[in-house]
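What follows is the residue order along each chain.
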Amino acid sequence: MRLYIGGHMAGIGQIAGFVVIGVMVAAVLLRAVMRARVGRAADGTERAMRVYRDQLREVERDIARGTLSENEAERLRLEIQRRVLDLDKGGRSAGVPSSTRAHAVMVGVIAVLLSGGAVLYMQYGAFGYPDQPLAARHAEAAATRANRPAQAEFEAEFAAVMPDAPEFEDRAELEPMVAQLRAALVSRPDDAHGFSLLAQNESRLGNFAAAAQAQARVIAIRGDDAGVQDHAFLLDLLVLAAGGMVSPEAEKVIEHILRRDPMNGVALYYTGRMYVQTGRPDLTFRVWRRLHDQSVGDAPWMSEIRAMLPELSRISGEPRYQLPPRPAPASARGPVAADIDAAMDLSPEERAQMIEDMVASLSARLANDGGSAEDWAQLVRALAVLEQRDQALAILQEARTVFAARAEDLALLNRVAEEAGLSAEAP
């Protein structure tokens, strides 16, 4: 409560400080404008007064020379004196700081300052929080990451608020079977297959902590033979058991996976989650941007990261980032290099038909739904293999137009074009 009140008062202090500065700037401008107006008015009044004094002296000289009668001279004196009085009144009113025009200008300046500042603060500021330099924020994030709860604490917190176990059609039949499997494995501690089945079925029942323990046992039994997918399944179970939080224990599993497979999608996804949970959304943006570009369109994390990448880019100071089209699902992928190499073992007629079918499918999908730069590159490569150079060049040029603002994707297309011998011919 004290922290909230302190932050709230700090936010009020920041806004009050901004208002004071805005008013002070407006006051300085008002003073400068009014001084300029008064100075200009004073200069004009003084020049006019000199003219009128000269006119009065000229009247006296004309009387002395006898060229002007006394009555005519008196009339001129009264006229000059009237003008002097009018000038004096005008000079005083010109020097009054409450000029309507000046007030309108200053009110406009103050309004622009305050409203513009308010808009900027609403967009980029955080009410209730004190100023936080970048180094301080990074240090705070590092401390949050180092001091976050352990896996067991996360699991206990999640269990306290966890909803009822998921219901599905054969749950009543599965529960006693899982109970029997648990009992059987007590006397078979080295049965990797049995523990693997237990992990999968505990997960189906929503017992994620028990499933994670069973999967950890699978990895311990298999040792060096445990695959990356074994560790990725353990990572998934640990995070699910912790209610979506990435614990220090889960982070160690991430590190192990990425040492063996730096492009592993599960590990990269949870790496991004960990960073955003510990105050480093900028790192989440970098990791998830790479994950997006290498994933198929129906990857389980794709919807979430596509929804968050635009906001993460703004927070990370990269507002120019444009979310690319959603990649194709795994089932709709076009021909890759391995497909084309495999086709080389077929007869020329079979090979041509196989590649033409895949190319037609990919071309139709890109025309209707769009796709990633990798998809366009695959199509260009396949058309080049079919020696349909004109069509390959047309597709290449279209892809270059689509990805003109994305340097990495454009570099990929240019590289594929060069490998296919199209770069010299492309417009």
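Residues numbered from 1 in each chain as written. Predicted model: local features only at pLDDT ≥ 70, side-chain atom pairs only at ≥ 80, totals over all residues. Heavy atoms only, no water.

1. As for the overall build of the protein
For the protein, the helix and strand inventory stands at 18 helices and 0 strands. Burial analysis of the protein (427 residues in total) assigns 33% to the buried set. On the protein, roughly 25,200 Å² of surface is accessible, and the fraction owed to carbon and sulfur atoms is 58%. (Helix = DSSP H or I, 4+ residues; strand = E, 2+ residues; numbered from the N terminus. Buried < 20%, exposed > 50% of the residue type's maximum accessible area, 1.4 Å probe, protein only. Areas by Shrake-Rupley, 256 points an atom, 1.4 Å probe, with all protein chains shown as cover.)

2. Topic: helix 5 (residues 151-161)
Residues separated by three or four positions in an α-helix point in the same direction, a consequence of the helix having 3.6 residues per turn. Buried residues of helix 5: Gln 151, Phe 154 and Glu 155, and no others. Buried residues of helix 5 fall within an arc of 100° about the axis and therefore sit on the same side. What points out from helix 5, more than 90 degrees from its buried face, is the exposed set Ala 152, Ala 160 and Val 161. Taken together, the buried residues of helix 5 touch helix 8 (208-222), helix 9 (228-241) and helix 10 (248-260). (Arc of directions from axis to C-beta. Contact = heavy atoms within 4.5 Å.)

3. As for the packing of helix 12 (residues 281-294) against helix 13 (residues 302-315)
In a pair of packed helices, the angle between the axes and the distance between the axes together describe the arrangement. Relative orientation of the contacting elements helix 12 and helix 13 amounts to 135°, with a least axis distance of 9 Å. On the basis of their axis angle, the class for helix 12 and helix 13 is oblique. In the crossing of helix 12 with helix 13, the sense of the turn from one axis to the other is left-handed. On helix 13, the residues touching Pro 281, Thr 284, Phe 285, Trp 288, Arg 289, Leu 291 and His 292 of helix 12 are Met 302, Glu 304, Ile 305, Arg 306, Met 308, Leu 309, Leu 312, Ser 313 and Ile 315. Residues of the contact of helix 12 with helix 13, tallied by class, amount to 10 nonpolar, 3 polar and 3 charged. (Axes fitted to C-alpha atoms, helices over the stretch in contact; angles between N-to-C directions. Parallel < 35°, antiparallel > 145°, perpendicular 65-115°, else oblique. Left-handed = near helix turned anticlockwise from the far one by under 90°. Nonpolar A, V, L, I, M, F, W, Y, C, P; charged D, E, K, R; others polar.)

4. Points about the confidence of the model for the protein
Counting all residues, the mean pLDDT for the protein is 77, and 66% of those residues have values of 70 or more. Here helix 14 (residues 337-343) stands out as the element of the protein with the lowest mean pLDDT, 57, in contrast to helix 10, whose mean of 96 is the highest. Scored below 50 in pLDDT, residues 1-11 makes 6 contacts in the model with residues more than four places away or belonging to other chains. (pLDDT = per-residue confidence, 0-100.)

5. Observations concerning the pattern of salt bridges
Taken as a whole, this structure holds 12 salt bridges when the rule is applied. With a shortest N-O distance of 3.4 Å, Asp 170 and Arg 204 are connected by a salt bridge. Remark: Arg 204 occurs in helix 7 (residues 192-204) and Asp 170 occurs in the loop between helix 5 and helix 6 (171-186); sequence separation between them is 34 residues. Overlapping salt bridges, with partners in common, bring together Arg 145, Arg 148 and Glu 251 in one network. (Salt bridge = Lys/Arg side-chain N within 4 Å of Asp/Glu carboxyl O.)

6. Quick notes on the packing of helix 9 against helix 10
Their axes nearest at 9 Å, the elements helix 9 and helix 10 cross at an angle of 155°. Comparing the axis directions of helix 9 and helix 10 gives the class roughly antiparallel. Note that helix 9 runs across helix 10; the crossing there is left-handed. Seen from helix 9, the contacting residues are Val 228, His 231, Ala 232, Leu 234, Leu 235, Leu 238 and Val 239; seen from helix 10, they are Glu 249, Ala 250, Val 253, Ile 254, His 256, Ile 257 and Arg 260.

7. As for the nonpolar core
If you look at the biggest cluster of nonpolar residues, it comprises 34 residues, and the most contacted ones within it are Leu 235 and Trp 288. Elements with a contribution of two residues or more to this core: helix 8, helix 9, helix 10, helix 11 (265-277), helix 12 and helix 13. Here this core takes 7 residues from helix 9, the largest share from any one element. Beyond its immediate sequence surroundings of up to four residues, Trp 288 is in contact with Leu 268, Tyr 269, Gly 272, Arg 273, Glu 304, Ile 305, Met 308, Leu 309 and Leu 312. (Core = buried A, V, L, I, M, F, W, Y, C linked by side-chain atoms within 4.5 Å.)

8. Observations regarding the environment of Arg 182
If you trace the backbone, Arg 182 turns up in helix 6. Linking Arg 182 and Phe 195, residues 13 residues apart in sequence, is a C-alpha distance of 8.5 Å. Beyond its immediate stretch of four places on either side in the chain, Arg 182 contacts Leu 198, Glu 202 and Asn 207. A distance of 2.6 Å separates the side chain of Arg 182 from the side chain of Glu 202, its partner in a polar contact. (Polar contact = N/O pair within 3.5 Å; in protein donor to acceptor, adjacent residues only side chain to side chain.)

9. Side note on the side chain of Thr 271
For Thr 271, the location among the structural elements is in helix 11. Once residues lying within four places of it in the same chain are set aside, the contact partners of Thr 271 are Ile 254, Leu 258 and Val 287.

10. Quick look at the packing of aromatic side chains
According to the stated counting rule, one finds 4 aromatic pairs in the structure shown. Judged by centre distance (5.7 Å) and plane angle (10°), the rings of Tyr 269 and Trp 288 are stacked. Placement of the pair is Tyr 269 in helix 11 and Trp 288 in helix 12, with a sequence separation of 19 residues. Trp 288 matches Tyr 269 in its accessibility class, with the two residues each being buried. Put simply, the rings of Tyr 269, Tyr 270, Trp 288 and Trp 301 pair up and form one aromatic cluster. (Phe/Tyr/Trp six-rings, centres within 6.5 Å; stacked < 30°, edge-to-face > 60°.)

11. Notes on the environment of Ala 373
Secondary-structure assignment places Ala 373 in helix 16 (residues 373-385). A residue is classified by how much of its surface remains accessible, and Ala 373, at 2% relative accessible area, is buried. Residues Ala 373 and Asp 409, 36 residues apart in the sequence, show an inter-C-alpha distance of 5.6 Å. Ignoring any residue separated from it by four or fewer positions in sequence, one finds Ala 373 in contact with Phe 403, Asp 409, Leu 412 and Leu 413.

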